[in-house]
Amino acid sequence: MKILLIKGGRSLEHNISLRSAQTVRNVLEEMGHEVKELLLPPSGDIPLQLFQCDYDIAYPVMHGRLGEDGCIQGLLELIGKPYVSEKVFTSSIGMNKLKQHEILHYHSIPLVPTIGLHRDEKETERMMLENFMTQEDSFIVKINEGGSSIGVFSCDRNSLANALEEAFAYDDTVLVQKRISPLREFECLVIKDKDGRILTAGPLEVIADKPYTDYENKYSAAVTHTVEAKDNENLTQETVHRLHALASQAFTALEGSLYMRVDFFMDKEGMIYLNEVNTIPGSTPTSHFNILSNELGGFSCVIAIMLESAIAKHEKDKKLRRLYG
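Described below are features of the structure shown in this document. (Residues numbered from 1 in each chain as written. Predicted model: local features only at pLDDT ≥ 70, side-chain atom pairs only at ≥ 80, totals over all residues. Heavy atoms only, no water.)

**Let's talk about the nonpolar core**
As a reminder, the rule being used: Residues belong to one nonpolar core when they are buried, are Ala, Val, Leu, Ile, Met, Phe, Trp, Tyr or Cys, and are joined through side-chain atoms within 4.5 Å. Exposure classes here rest on a 1.4 Å probe applied to the protein chains alone. A residue is buried below 20% of its type maximum, exposed above 50%, and partly exposed in between. Numbering of helices and strands runs from the N terminus; a helix is a DSSP stretch of H or I covering at least four residues, while a strand is a stretch of E covering at least two. Residue contacts are counted whenever heavy atoms from the two residues lie within 4.5 Å of one another.
Counting residues in each nonpolar core, the largest one holds 27 residues, and the members touching the most others are L5, V24, L28, Y59, V84, I303 and M306. Mapped by element, the contributors of at least two residues to this core are strand 1 (2–8), helix 1 (14–30), strand 3 (57–60), strand 8 (184–192), strand 9 (198–208), helix 10 (288–292) and helix 11 (299–324). When near neighbours in sequence (up to four residues on either side) are disregarded, Y59 contacts I3, L4, L5, I6, V24, L28, V84, I303 and M306. Core analysis: the next-biggest nonpolar cluster, separate from the first, contains 23 residues, L104, F186, L246 and L274 among them.

**Thoughts on helix 7 (residues 160–168)**
Threshold: The directions from the helix axis to the C-beta atoms form the arc being described.
The complete set of buried residues in helix 7 reads L160, A163, L164, A167 and F168. Considered in projection along helix 7, the buried side chains sweep an arc of 130° and stay on one side of the axis. Those residues of helix 7 that are exposed and angled more than 90 degrees off the buried face are A161 and E165. On the buried face of helix 7, the contacting elements are strand 4 (114–118), helix 6 (123–135), strand 5 (138–143), strand 6 (152–156) and strand 7 (173–178).

**So, the packing of helix 4 (residues 88–95) against helix 5 (residues 97–106)**
Short version of the rule: Whenever a helix is involved, its axis is fitted only over the stretch in contact; in every case the axis is a line through C-alpha atoms, and angles between N-to-C directions fall within 0 to 180 degrees. Convention used here: angles under 35 degrees read as roughly parallel, angles over 145 as roughly antiparallel, angles from 65 to 115 as roughly perpendicular, and any remaining angle as oblique. Three classes are used: nonpolar for Ala, Val, Leu, Ile, Met, Phe, Trp, Tyr, Cys and Pro, charged for Asp, Glu, Lys and Arg, and polar for all others, with Gly counted as polar.
For the pair helix 4 and helix 5, interaxial distance at closest approach is 5 Å and the crossing angle is 105°. The orientation of helix 4 relative to helix 5 falls into the category roughly perpendicular. Of helix 5, the residues touching helix 4 (which contributes F89, I93, G94 and M95) are K97, K99, Q100 and I103. Classifying every residue of the contact of helix 4 with helix 5 gives 4 nonpolar, 2 polar and 2 charged.

**Quick look at the environment of Y83**
For clarity, the cut-off: What qualifies as a polar contact is a pair of N or O atoms within 3.5 Å, subject to a donor-acceptor requirement within protein and to the restriction that residues adjacent in sequence count only when both atoms come from side chains.
Relative to the helices and strands, Y83 resides in the loop between helix 3 (71–78) and helix 4. It is 9.7 Å that separates the C-alpha atoms of Y83 and I72, two residues lying 11 residues apart in sequence. Side chain to side chain, Y83 and E77 meet in a polar contact 2.7 Å long.

**A word on the sheet that holds strand 5**
Rules: A pair of strands is labelled paired if DSSP reports no fewer than 2 bridges between them.
With antiparallel pairing, 4 strands are arranged side by side in an open sheet as 4-7-5-6. On the outer flanks of this sheet lie strand 4 and strand 6, each paired with one strand and no other. For this sheet, the mean inter-axis angle between neighbouring strands, taken without regard to orientation, is 25°. When strand 4 meets strand 7, the two strands line up antiparallel, connected through 5 bridges. Bridge pairing in strand 7 links I115 to V176. Packed onto the sheet, helix 5 meets strand 4, strand 5 and strand 7 and runs at close to 50° relative to strand 7. On the sheet, helix 6 packs against strand 4, strand 5 and strand 7 and is oriented at approximately 145° with respect to strand 4.

The following block contains the structure:
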């Protein structure tokens, strides 16, 4: 196929997008596809190439706001092009962690205790924060709309105010979570194939040198390593099944249509909490998405599944539009 690989954009994770796109391009070309690249500059200008060049399917490899949040997906919907990504609704909810938590909570999925705060903090939010601080001693502060590793801070009660100030420099809304310690961190990959079957891979245990996986951990093999389920002696089959079930449940709750990575925390008692979902996981050489894909036959096999599934979904949507349009 002729594939338009879309990368870059206005996100804080512009450079990570470029690294992910290079890995994806290499695999697509090895598979025999013809790849054209569309670089969206940090200015946010949309090159005319998106509308004028000849391609069968678009493949956005954009992380963070204005790339992973449904914006580019909506544009591709408007011009009638199939694309390898979650649909607009799921992409936007996947980026908005607070709304994501509300939906997952409604579906009875266990979550880390979390509150949301806005820049123009209201009296009710101030009271919520004060009450939260009386119940917890240490926290994770992270921005509401962003990737899973930028704008994340670990703090205690004394340093919480500083962490909030730093987080508000990135976003108008931030989340304050209970910090689980000692912490185990797991990731699963969920994919829907062209026949509508939900495939789950993992879990992968992420072992970092900090209380959480941040930007440096995620993109430097020197400060983090992973243990796959098949090699993990400290992981029971019951835990593996529970993680798979919760990952599939979250995928369905968020109306997943193609693929996402689902991240979990586990405390010392073995209680599992869903942390967040990522609808365009990083695909750099050290990214966990690539490692998780090994369980489904490798990264090229996963890309093949996603291409087939995206084309099938597009054809189904076209039939519906003809039927009701």
